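Analysis of the macromolecular model
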Amino acid sequence: MGKGHAHSPQQVTSAHEFRPGDLLAERDTDDVSTAPGDREQTEAATGALLDELAVLQERLYAEGVGGGQRSLLLLLQGMDTSGKDGAVRRVVGSMNPAGVRITSFKKPTDEELAHDFLWRIDRALPPAGHVGVFNRSQYEDVLVVRVHDLVPESEWSTRYDRINEFERRVVDAGTHLVKVMLHISKGEQKQRLGERLEDPTKFWKYNAGDLHERTFWDDYQDAYQDALARCSTDSAPWYVVPGDRKWYRDWVLANLLVDALRDMNPTYPPADFDVAEQRRLVAALD
Ligand code: AMP
Ligand code: MG
């Protein structure tokens with residue numbers, strides 16, 4: 001253990017919580033403070049946590065099959081190239097896909113625009129027993145929408161309270177909500193955009209439009225600051241996950257999910273049949 005002491009998932013989680021009054025600008029994008037060691041040691045520890053995550057997810061799924069109403073929702077936000085797709089692949093990829101619902105929110109379609117901004121979000125909530133993953137979310141409606149004046153301020157400014165009310169309902173209905181901002185530096189974004197241009201197998205990830213968005217970097221940071229501060233609530237807190245080092249990002253995400261699921265402590269449903277009788281019947285099969 002390079003750091004001299006190990007952090008429990010609960011400690012890793014609380015180390016990265018963002019509370020109202022906190023400042024995003026004070027969060028280090030290359031922080032590795034809760035890592036159990038160097039990169040290699042941390043990756044090994046992440047692997048062990050992901051094994052536990054898979055078992056916990058199966059229990060949640062089984063609980064749902066048995067009639068349980070609970071679910072888990074991981075919501076990911078972050079600047080372009082912040083690693084949302086990579087995080088989904090690494091962390092969520094360890095779970096049984098049958099119990100996972102991943103939704104990527106893009107520029108709204110005409111149909112979505114004809115509805116309230118929460119309409120498409122509500123429809124994508126995970127069913128009982130499932131783990132939902134939002135790659136972008138309702139927060140785009142106070143981020144990109146605010147930065148580019150896609151609706152008037154009189155409208156977007158009401159959305160923080162609307163989001164809080166919505167999330168309270170979601171949590172009350174049995175969904176454990178884990179909201180994550182993957183926090184990268186502007187320099188790291190330049191680095192990642194450059195890497196995508198060096199390797200023909202990464203051209204598909206490159207989006208020239210990201211260069212234009214980058215010119216609004218400070219406006220986005222301000223919009224994130226307000227979204228985090230105004231929508232970090234007791235029932236649905238925000239976490240700011242340092243994103244410059246992918247191995248540390250994955251470590252923190254694995255801890256957040258394990259902490260959430262340990263806390264939920266899903267239970268396997270009891271048999272709804274006579275076990276002894278079924279054992280006799282199976283033993284008697286030819
Ligand atoms: P990507 O995640 O790289 O596939 O890009 C999705 C794009 O959709 C991003 O540029 C988002 O900002 C944009 N987007 C997502 N939600 C909204 C929204 N509610 N209004 C406008 N643009 C959005
Ligand atoms: Mg993109």
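Before any of the text, the structure's been laid out above.
These remarks concern the structure in this document. Computed from a prediction, not measured in an experiment: that's the story for all the values here.

About the cut-offs
- Along each chain, residue indices are assigned from 1 in the same order as the chain's sequence is written.
- For this description, chains carry letters from A and ligands carry numbers from 1, given in the order in which they are written.
- With the structure being a predicted model, the display of local features is reserved for residues of pLDDT at least 70 and the display and counting of side-chain atom pairs for 80 or more, all residues being used for whole-chain, interface and lining totals.
- Computation of side-chain values covers all heavy atoms of the structure but excludes hydrogens and water.
- By convention in this text, a residue qualifies as near a molecule or strand provided that one of its non-hydrogen atoms is within 4 Å of it.
- In the analysis that follows, any N or O atom pair within 3.5 Å is treated as a polar contact, provided that within protein one partner can donate a hydrogen and the other can accept it, and provided that, for residues neighboring in sequence, both atoms belong to side chains.
- Here, Shrake-Rupley sampling with a 1.4 Å probe gives the accessible areas, and only protein chains in the shown set may cover a residue.
- By the convention adopted, Pro, Cys, Tyr, Trp, Phe, Met, Ile, Leu, Val and Ala count as nonpolar, Lys, Arg, Asp and Glu as charged, and the other residues, Gly among them, as polar.
- Between buried and exposed lies partly exposed: a residue is buried under 20% and exposed over 50% of the maximum accessible area for its type, with that area taken using a 1.4 Å probe on protein chains only.
- A helix here means a DSSP run of H or I that spans at least four residues, while a strand means a run of E at least two residues long, and both kinds are numbered starting from the N terminus.
- Strands are labelled as partners when DSSP assigns at least two bridges between them.
- Detection works on a 1 Å grid of protein atoms alone, calling trapped sets that fit a 1.4 Å probe cavities and calling open sets with protein on both sides within 12 Å along at least five of seven lines pockets, with lining residues defined by an atom within 4 Å of a point.
- Grid points are joined across faces, edges and corners, and a volume is the space filled by probe spheres set on the points.
- Axis lines are fitted through C-alpha atoms, for helices just across the contact stretch, and the angle between N-to-C directions can take any value from 0 to 180 degrees.
- When describing relative orientation, an angle under 35 degrees is termed roughly parallel and one over 145 degrees roughly antiparallel, while 65 to 115 degrees is termed roughly perpendicular and anything else oblique.
- What makes a crossing left-handed is the near helix being turned counterclockwise from the far one by less than a right angle; a clockwise turn instead makes it right-handed.
- Contacts between residues were defined by any pair of non-hydrogen atoms, one from each residue, lying within 4.5 Å.
- Multiplying 1.5 Å by the helix residue count minus one yields the expected span of that helix.
- Relevant arc is that of directions from the helix axis to the C-beta atoms, nothing else.
- Nonpolar cores are built from buried Ala, Val, Leu, Ile, Met, Phe, Trp, Tyr and Cys residues. Side-chain atoms within 4.5 Å join them into one set.
- The term salt bridge refers to a side-chain nitrogen of Lys or Arg lying within 4 Å of a carboxyl oxygen of Asp or Glu.

1. Details of the site of ligand 1
Neighbouring ligand 1 are the residues Phe105, Lys106, Lys107, Pro108, Arg120, Arg136, Glu140, Asp141, Val144, Val145 and Leu150. In the environment of ligand 1, a nitrogen atom lies 3.1 Å from a nitrogen or oxygen atom belonging to the side chain of Arg120. The separation between an oxygen atom of ligand 1 and a polar side-chain atom of Arg136 is 2.6 Å. About the coverage of ligand 1: the protein hides 74% of its 500 Å² of free accessible area. Looking at the shell around ligand 1 residue by residue, the class counts come to five nonpolar, no polar and six charged.

2. Section: the pairing of strand 2 (residues 71-78)
Burial analysis of strand 2 places eight of its eight residues in the buried class, which makes it a mostly covered element. Judged from the eight bridges that link them, strand 2 and strand 5 (residues 175-183) form a sheet pairing that is parallel. Along strand 5, the bridge assignment pairs Leu75 with Lys179. Bridging between strand 2 and strand 4 (residues 131-135) involves five bridges; their strand directions are parallel. The partner of Leu74 across the bridge, within strand 4, is Val133.

3. Examining the layout of surface pockets
Looking at the second largest pocket, its volume works out to about 280 Å³. Lining the second largest pocket are 17 residues, with Thr13, His176, Pro237, Tyr239 and Asp259 sitting closest to its centre. At the level of secondary structure, the elements contributing two or more residues to the lining of the second largest pocket comprise helix 1 (9-15), strand 5 and helix 12 (246-264).

4. Remarks on the packing of helix 8 (residues 159-172) against helix 11 (residues 217-231)
At a closest axis distance of 10 Å, the pairing of helix 8 and helix 11 adopts a crossing angle of 45°. With respect to helix 11, the axis of helix 8 lies oblique. The hand of the helix 8/helix 11 crossing is right-handed. On helix 11, the residues touching Tyr160, Asp161, Ile163, Asn164 and Glu167 of helix 8 are Asp226, Ala227, Arg230 and Cys231. Considering only residue class, the contact of helix 8 with helix 11 consists of four nonpolar, one polar and four charged.

5. Some words on helix 8
Helix length check: helix 8, at 14 residues, gives a terminal C-alpha distance of 20 Å against a target of 20 Å (1.5 Å per residue), a fit within 8%. Buried residues of helix 8: Arg159, Tyr160, Ile163, Asn164, Phe166, Glu167 and Val170, and no others. Buried positions in helix 8, seen along its axis, are confined to an arc of 165° and lie on one side of it. Projecting away from the buried face of helix 8 at angles above 90 degrees are the exposed residues Arg169 and Asp172. Considering only its buried residues, helix 8 is in contact with helix 5 (119-123), helix 6 (144-147), helix 7 (153-156), strand 5 and helix 11. Gly174 sits one or two residues past helix 8 and shows a positive phi near 110°.

6. Some points on the nonpolar core
Counting 36 residues, the largest nonpolar core has Leu72, Leu74, Leu76, Val180 and Leu253 as its most contacted members. Looking at this core, the elements with two or more residues in it are helix 2 (39-65), strand 2, helix 3 (84-91), strand 4, strand 5, strand 6 (238-242) and helix 12. For this core, the element with the most residues is helix 12, which contributes twelve residues. Residues contacting Val180, with those up to four places away along its chain left out, are Leu74, Leu75, Leu76, Gln77, Trp238, Tyr239, Val241, Leu253 and Leu256. In this structure, Leu73, Leu118, Ile184 and Tyr220 belong to the second largest nonpolar core, which totals 35 residues.

7. What to know about the pattern of salt bridges
Applying the stated rule across the entire model yields 16 salt bridges. In this structure, Lys179 engages Glu167 in a salt bridge whose closest nitrogen and oxygen atoms are separated by 2.6 Å. Taken together, the positions of Lys179 in strand 5 and Glu167 in helix 8 put the pair twelve residues apart, joining distant regions of the chain. Here Glu167 falls in the buried class, since its relative accessible area comes to 2%.

8. Quick notes on empty space enclosed by the protein
Enumeration according to the criterion identifies one cavity of 30 Å³ or more in this entry. In this structure, the largest cavity spans a volume of roughly 30 Å³. Lining of the largest cavity is provided by Leu73, Leu75, Leu125, Phe134, Gln138, Phe166, Glu167, Val170 and Leu177. Counting residues per element, the ones that place at least two in the lining of the largest cavity are strand 2 and helix 8. Counting residues per element, the lining of the largest cavity draws most heavily on helix 8, at three residues. The residue makeup of the lining of the largest cavity, split by class, is seven nonpolar, one polar and one charged.

Take it as geometry only, folks, not as evidence of what the structure does.
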